[in-house]
Amino acid sequence: MALDVGTPAPEFELLATPDQRVALAEFDGPVVLIFYPADWSPVCSDELSVFSAASKLFHARGAQLLGISVDGAWCHEAYKEQRNIGFPLLADFNPKGAVAQLYGVYREHDGTTERALFVIDRDKKIAWSEVSPLGVNPGADGALRAVEALS
Amino acid sequence: MSDGRLSVPVGSDDHVVGPEDARLTLVEYGDYQCPYCGQAFPIVEQLRETFSDALRFVFRNFPLADMHPHAEAAAEVAEAAGLQGKFWEMHDTLYTNQRHLEEAALLRYVTDVGADVDQVSKDLASGAPRQRVEADFEGAIRSGANGTPTFFVNGARYDGSWTYEPFAKHLQDLLDHQ
């Protein structure tokens, strides 16, 4: 089960590029954590492209977007470049899916994660979340409204 | 929850074809450089033919500029042509020629559709087309648009296949159950 609203958001520090780590603690403002099953899958690609295009709406409200999947940092790097995705993609790769497990969205049987969105507030609590069916791209409206509700 | 509902109702500022009292309103959020939108273009034409006066069609801009470097400029030029009453001519021309949307080509299409190039340039410089495209874009995001193209039928996001057969069946089912 995905973590409930009001729960403290588990801290993490993951590779965003092959030589750079990103930690939740680095961000002062709200964070939108975008768990997606895998780089290169068609639904994930559309979802991330929509968030990337919408990133200025999130930035205007002081929020940071972070994508996260079980793919490795080199894979993320190629994917980001090919799709021109404008926010970090974190590698929940070693140990595989450890952060997804903390957030309750790891899919043990197939080794990927749910398609899940978490909005984390300034106090590092989960303010909003949504788990979508794997084949349905949720769009960015719910997360945007949740970020706006924080300010 | 993301509800996938059209957040900006169809209004007098929209680009609309078809009767106002049509029982079906199809809104497309599209990107002129997106190949899927290019594939959807003749399908929408076919649906308009099939459903005739039962369907009105609305086009709004949803350029995914990170992936499609010419999409924003193409959308702005279409809006600028629209100020001269040539929106649909430009819309059709851009989709028919979507592999060639660099700046010189865009200006050529302006002439082709019979709009005044100098006026288009002036209007582009005024920033009004850009504001319109940005407003469309924000409306798309707030409506839960989840890719290009995203379709809304009578206000609800359509997540099914937009190839002709299933899309036509969906529209016919709505008509049958209204």
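Residues numbered from 1 in each chain as written. Chains lettered and ligands numbered in written order. Predicted model: local features only at pLDDT ≥ 70, side-chain atom pairs only at ≥ 80, totals over all residues. Heavy atoms only, no water.

## What about the overall build of chain A?
Stated formally: We count a stretch as a helix when DSSP gives it H or I for four or more residues in a row; a strand needs E for two or more, and each element gets its number in order from the N terminus. Just to be clear, the radius of gyration here is over C-alpha atoms, and the globule rule we use is 2.2 Å times residues to the power 0.38. Note on contacts: a residue pair qualifies if any of its non-hydrogen atoms lie within 4.5 Å across the two residues. In short, Shrake-Rupley with a 1.4 Å probe defines the accessible areas, and a residue's cover is counted only from the protein chains shown. Just so you know, the count uses Lys and Arg for positive and Asp and Glu for negative, and it drops His and the chain ends. By convention, charge coordinates are those of NZ in Lys, CZ in Arg, CG in Asp, or CD in Glu.
The secondary structure content of chain A amounts to 5 helices and 9 strands. Start at the N end of chain A and walk to the C end: the helices and strands fall as β-β-β-α-α-β-α-β-α-β-β-β-β-α. Computed over C-alpha atoms, the radius of gyration of chain A comes to 14 Å, within 12% of the 15 Å expected from 2.2 N^0.38 for 151 residues, which places it in the range of a compact globule. C-alpha extents for chain A along the principal axes are approximately 35 × 30 × 30 Å. The long-range fraction of contacts in chain A, counting pairs at least 24 apart against all pairs at least 6 apart in sequence, stands at 62%. As presented, chain A carries roughly 6300 Å² of accessible surface, and 53% of it is formed by carbon and sulfur atoms. The averaged location of the 21 negative side-chain charges in chain A is 4 Å from the averaged location of its 12 positive side-chain charges.

## Looking at the interface of chain A and chain B
Test applied: Buried area: the sum, over both parts, of the accessible surface (1.4 Å probe) that disappears when the two are put together. What counts as a salt bridge is simple: a side-chain nitrogen of Lys or Arg found within 4 Å of a carboxyl oxygen of Asp or Glu. Polar here means any residue other than Ala, Val, Leu, Ile, Met, Phe, Trp, Tyr, Cys and Pro, which are nonpolar, and Asp, Glu, Lys and Arg, which are charged; Gly is therefore polar.
Counting residues at the interface gives 22 residues for chain A and 20 residues for chain B. Together, the buried faces of chain A and chain B total about 1700 Å²; carbon and sulfur atoms form 53% of this surface. The partner of Arg142(B) in a salt bridge is Glu148(A), with the nearest N and O atoms 2.6 Å apart. Counting only elements with at least two residues in the side of chain A that touches chain B, the list comes to helix H1 (42-53), helix H2 (55-59), strand S9 (126-132) and helix H5 (141-150) of chain A. Of the residues forming the side of chain A that touches chain B, the biggest block, 5 residues, is contributed by H1(A). Classifying every residue of the side of chain A that touches chain B gives 9 nonpolar, 5 polar and 8 charged.

## Brief notes about the sheet that holds strand S5 (residues 156-158) of chain B
Residues and elements named next belong to chain B. As a reminder of what qualifies: Two strands qualify as a pair provided DSSP detects at least 2 bridges between them. Angles here are taken between N-to-C directions and fall from 0 to 180 degrees, while the axes themselves are lines fitted to C-alpha atoms, restricted in helices to the stretch in contact.
Across the sheet, 5 strands lie side by side as S1-S3-S2-S4-S5; this open sheet has mixed pairing. Lying at the two open borders of the sheet, with one neighbouring strand each, are strand S1 (15-17) and S5. Along the sheet, successive strands turn relative to each other by an average axial angle of 25°, direction set aside. Note: strand S2 (residues 24-30) against strand S3 (residues 55-61), 7 bridges, orientation parallel.

## A few points about the pairing of strand S4 (residues 150-153) of chain B
Residues and elements named next belong to chain B. Convention followed: For the exposure calls, accessible area comes from a 1.4 Å probe over protein chains only, and a residue counts as buried if that area is under 20% of its type's maximum, exposed if over 50%, partly exposed in between.
Residues Thr150 and Phe152 point to one face of S4 and Phe151 and Val153 to the other, with burial holding for every one of them. Two strands pair when backbone bridges link them, and S2 and S4 are joined in this way by 4 bridges, in the antiparallel orientation. Pairing of Leu26 across the sheet is with Val153, part of S4. Sheet topology note: the S4/S5 ladder contains 3 bridges and is antiparallel. Across the sheet, the residue bridging to Phe152 is Arg157, located in S5.

## Points about the nonpolar core
Residues and elements named next belong to chain B. Cut-off, in case you're wondering: The set of buried Ala, Val, Leu, Ile, Met, Phe, Trp, Tyr and Cys residues whose side-chain atoms join them within 4.5 Å is what this entry labels a nonpolar core.
In terms of nonpolar packing, the biggest core is built from 45 residues, with Tyr32, Leu47, Phe51, Met90, Leu94, Phe151 and Phe167 touching the most fellow members. Of all the secondary-structure elements, those providing two or more residues to this core are S2, helix H1 (35-51), S3, helix H2 (71-82), helix H3 (87-96), helix H4 (103-112), S4 and helix H7 (164-176). The leading source of residues in this core is H1, at 7 residues. Once residues lying within four places of it in the same chain are set aside, the contact partners of Leu94 are Tyr32, Ala74, Ala78, Leu101, Leu106 and Tyr109.

## Considerations on the pattern of salt bridges
Summed over all chains, the structure comprises 13 salt bridges over all chains. Across the salt bridge formed by Arg145(A) and Asp141(A), the nearest N and O atoms sit 3.8 Å from each other. In this pair, Arg145(A) and Asp141(A) are both assigned in helix H5, 4 residues apart and thus about one turn of the helix distant. Judged by its relative accessible area of 1%, Asp141(A) falls in the buried class. For Glu79(B), the salt bridge is made with Arg132(B), and the minimal N-O distance between the two is 3.5 Å. You can see Glu79(B) sitting in helix H2 and its partner Arg132(B) sitting in helix H6 (residues 128-142), a full 53 residues away along the chain. Of the residues examined, Glu79(B) reaches a relative accessible area of 5% and is grouped as buried. Given a relative accessible area of 22%, Arg132(B) falls into the partly exposed group. One connected set of salt bridges, linked through shared partners, spans Arg61(A), Glu148(A), Glu138(B) and Arg142(B).

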